[in-house]
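Overview (structure and organization)
Residue-level listing of the chains:
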Amino acid sequence: MTLIAEYTGEVDYIKNREQDESDSMMTLLLATNPDESLVICADRRGNIARFISGINNHKPESRKRKNVKCVRYDVNGVCRNLLVVTRHIAKGERLYMDYNGHENEYPTHNFV
């Protein structure tokens, strides 16, 4: 597994960011109760990972371009979102990831 970067930023409830026009938000958790759904907002406290291109996960042809995925690890009780490659990436190839993948796998208390 080749690590690209950790996706960093402010963790906030989606309801607090409904009017936010940032294009650097990653869905962290879509909870059954929408008031508990979370996003990572990389616009103010993010790093270079926020510039990875997102795919339109509703179109099969877009999903084929995906070459980066988010894996989540517990590091000393803190959830870390690491971006790793999913296949060989040629020199000069653009990086694509699904910013809304895997959001239902983790309970809210791991993030807030």
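Up top you'll find the structure we're talking about.
**Structural notes on the sheet that holds strand β3 (residues 25-29)**
- Read from one edge of the open sheet, 3 strands run β2-β4-β3, paired in antiparallel fashion. With one partner strand each, in any of the chains shown, β2 (10-13) and β3 form the two edges of the open sheet. The sheet shows a mean angle of 35 degrees between the axes of neighbouring strands, direction not considered.
- As defined by bridge partners, β3 adjoins strand β4 (residues 38-41) across 4 bridges and the pair is classed as antiparallel. When the bridges of β4 are listed, Met26 appears paired with Ile40.

**Comments concerning the nonpolar core**
- The biggest cluster of nonpolar side chains holds 15 residues, and the ones touching the most others in it are Tyr7, Met26, Leu83, Met97 and Tyr99.
- Contributing elements (two or more residues each) for this core: β3, β4 and β6 (68-75).
- Looking at which element gives the most residues to this core, the answer is β3, with 3 residues.
- Ignoring any residue separated from it by four or fewer positions in sequence, one finds Tyr7 in contact with Ser24, Met25, Met26, Ile40, Ala42, Ala49, Arg50, Asn81, Leu83 and Tyr99.

**Some thoughts on the pairing of strand β7 (residues 78-85)**
- Bridging between strand β1 (residues 3-6) and β7 involves 3 bridges; their strand directions are antiparallel. Residue pairing across strands places Leu3 opposite Val84, the latter belonging to β7.
- Note that β6 and β7 share 8 bridges and pair antiparallel. In the sheet register, Val68 faces β7, and the bridge partner there is Val85.
- Where β6 folds back on β7, the antiparallel hairpin that results is connected by 2 residues, among which Asn76 adopts a positive phi of roughly 55 degrees.

Calculation notes
- Residues numbered from 1 in each chain as written.
- Predicted model: local features only at pLDDT ≥ 70, side-chain atom pairs only at ≥ 80, totals over all residues.
- Heavy atoms only, no water.
- Pairing = 2+ DSSP bridges.
- Helix = DSSP H or I, 4+ residues; strand = E, 2+ residues; numbered from the N terminus.
- Axes fitted to C-alpha atoms, helices over the stretch in contact; angles between N-to-C directions.
- Core = buried A, V, L, I, M, F, W, Y, C linked by side-chain atoms within 4.5 Å.
- Buried < 20%, exposed > 50% of the residue type's maximum accessible area, 1.4 Å probe, protein only.
- Contact = heavy atoms within 4.5 Å.

Take it as geometry only, folks, not as evidence of what the structure does.
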